[in-house]
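Here's the letter readout for the chains.
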Amino acid sequence: IVDLVSGSIQEIEQRPMLAIWSPDYDELAFIRDETLYIQDVADQESTPVFTQPGLENLFFDWSPNGQQLAVVSTVIGESIDGSYPPITSTLRIVDARNGTQRPLESFSIVPIEHDRREFQWSVDGTAVFVGLTWPNHIYTLAGEQISLKDGDRGLGWGYNESQFIINNENGLFIIDLHNQRTEQIDDAGTPST
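Residues numbered from 1 in each chain as written. Predicted model: local features only at pLDDT ≥ 70, side-chain atom pairs only at ≥ 80, totals over all residues. Heavy atoms only, no water.

Colleague: What's the story with the overall build of the protein chain in this structure? I'm lost.
Modeller: From N to C terminus, the protein chain includes zero helices and 16 strands. The C-alpha radius of gyration computed for the protein chain amounts to 18 Å, which stays within 12% of the reference 16 Å derived for 193 residues, consistent with globular compactness. By principal-axis analysis of the C-alpha atoms, the protein chain measures approximately 50 × 50 × 30 Å. Expressed as a percentage of its 193 residues, the buried residues of the protein chain come to 43%. (Helix = DSSP H or I, 4+ residues; strand = E, 2+ residues; numbered from the N terminus. Rg over C-alpha atoms; globule rule 2.2 N^0.38 Å. Buried < 20%, exposed > 50% of the residue type's maximum accessible area, 1.4 Å probe, protein only.)

Structure, rendered in structure tokens:
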């Protein structure tokens, strides 16, 4: 962590990794050796919170209220006849204070390059978008599953909990998940962002 006023540098880890600020910016979360850690910035102490084999160091995120983290753990199966091995991932919700977790859903990851936009909490913290699957899915904490249509690529949440932005070969759309209405906002085929 670099203090932009004083120029002081606080080393947290000696190897490169993704670290994510908590919503109130007083803690960092990071994954090392299949363990989720929370670093208190004030007392500079890292605490292991949750360990799971196959815990992904790219797909984890704080809930908007800072009480939970969504994480993904992955198990890679055996390749048969040179084909892609089956990849099964589980979305888990982890309590940031005591490390208790509950598996929310299991799914197969599409074996292509992914980015962090494909894993996001909803604005109100009641659902997680998972774009690692085909079709893309939204999983609610209540156990519901919303599947986007084949060919739709989720880009992220709108300004409230029910709006979600997607693109496909016909353009850019906003879906209202509560009333199932879709509004096209641009007709450029498959915009990248």
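Having put the structure on the table, let's press on.
Colleague: I keep staring at unusual backbone geometry and nothing clicks. Help me out?
Modeller: Note: most peptide bonds trans; most residues except glycine with negative phi. The amide bond that connects Trp134 to the next residue, Pro135, takes the cis arrangement and shows omega of 5°. Secondary-structure assignment places Pro135 in the loop between β10 (127-130) and β11 (137-140). Here the phi dihedral of Glu34 falls at roughly 60°; this positive angle occurs in a residue that is not glycine. On the basis of relative accessibility, which here comes to 37%, the residue Glu34 falls in the partly exposed class.

Colleague: Sorry, what's going on with the sheet that holds β10 here?
Modeller: Hydrogen bonds between backbone atoms are what pair the strands of a sheet, whose relative direction is either parallel or antiparallel. Taken in spatial order, the four strands make up an open sheet running β9-β10-β11-β12, and their pairing is antiparallel. Strands at the two margins of the open sheet, each flanked by one partner only, are β9 (119-121) and β12 (145-147). Going across the sheet, the axis of each strand differs from the next one's by a mean of 15°, ignoring polarity. (Pairing = 2+ DSSP bridges. Axes fitted to C-alpha atoms, helices over the stretch in contact; angles between N-to-C directions.)

Colleague: Please clarify how the packing of aromatic side chains should be interpreted in this entry.
Modeller: Here a ring pair, both rings aromatic, is described through the centre-centre distance and the interplanar angle of the planes. Scanning all chains against the criterion turns up six aromatic pairs. Considering the side-chain rings of Phe129 and Phe164, the 4.8 Å spacing of their centres and the 55° angle between planes classify their relative orientation as tilted. Taken as a pair, Phe129 in strand β10 and Phe164 in strand β14 (residues 163-168) lie far apart in primary sequence, 35 residues in all. Residue classification places Phe129 among the buried positions, given a relative accessible area of 0%. Between Trp157 and Phe164, the ring centres sit 5.0 Å apart and the planes meet at 75°, which makes this aromatic pair edge-to-face. The pair formed by Trp157 and Phe164 is uniform in burial state, with each residue classed as buried. (Phe/Tyr/Trp six-rings, centres within 6.5 Å; stacked < 30°, edge-to-face > 60°.)

Colleague: Hey, could you run me through the side chain of Ser162 in this one?
Modeller: Its place among the elements puts Ser162 in the loop between β13 (153-157) and β14. Judged by its relative accessible area of 5%, Ser162 is buried. At 3.5 Å, the side chain of Ser162 and the side chain of Asp176 are in polar contact. Those residues within four positions of Ser162 in sequence are excluded, and the remaining contacts are Ile175, Asp176, Leu177 and His178. (Polar contact = N/O pair within 3.5 Å; in protein donor to acceptor, adjacent residues only side chain to side chain. Contact = heavy atoms within 4.5 Å.)

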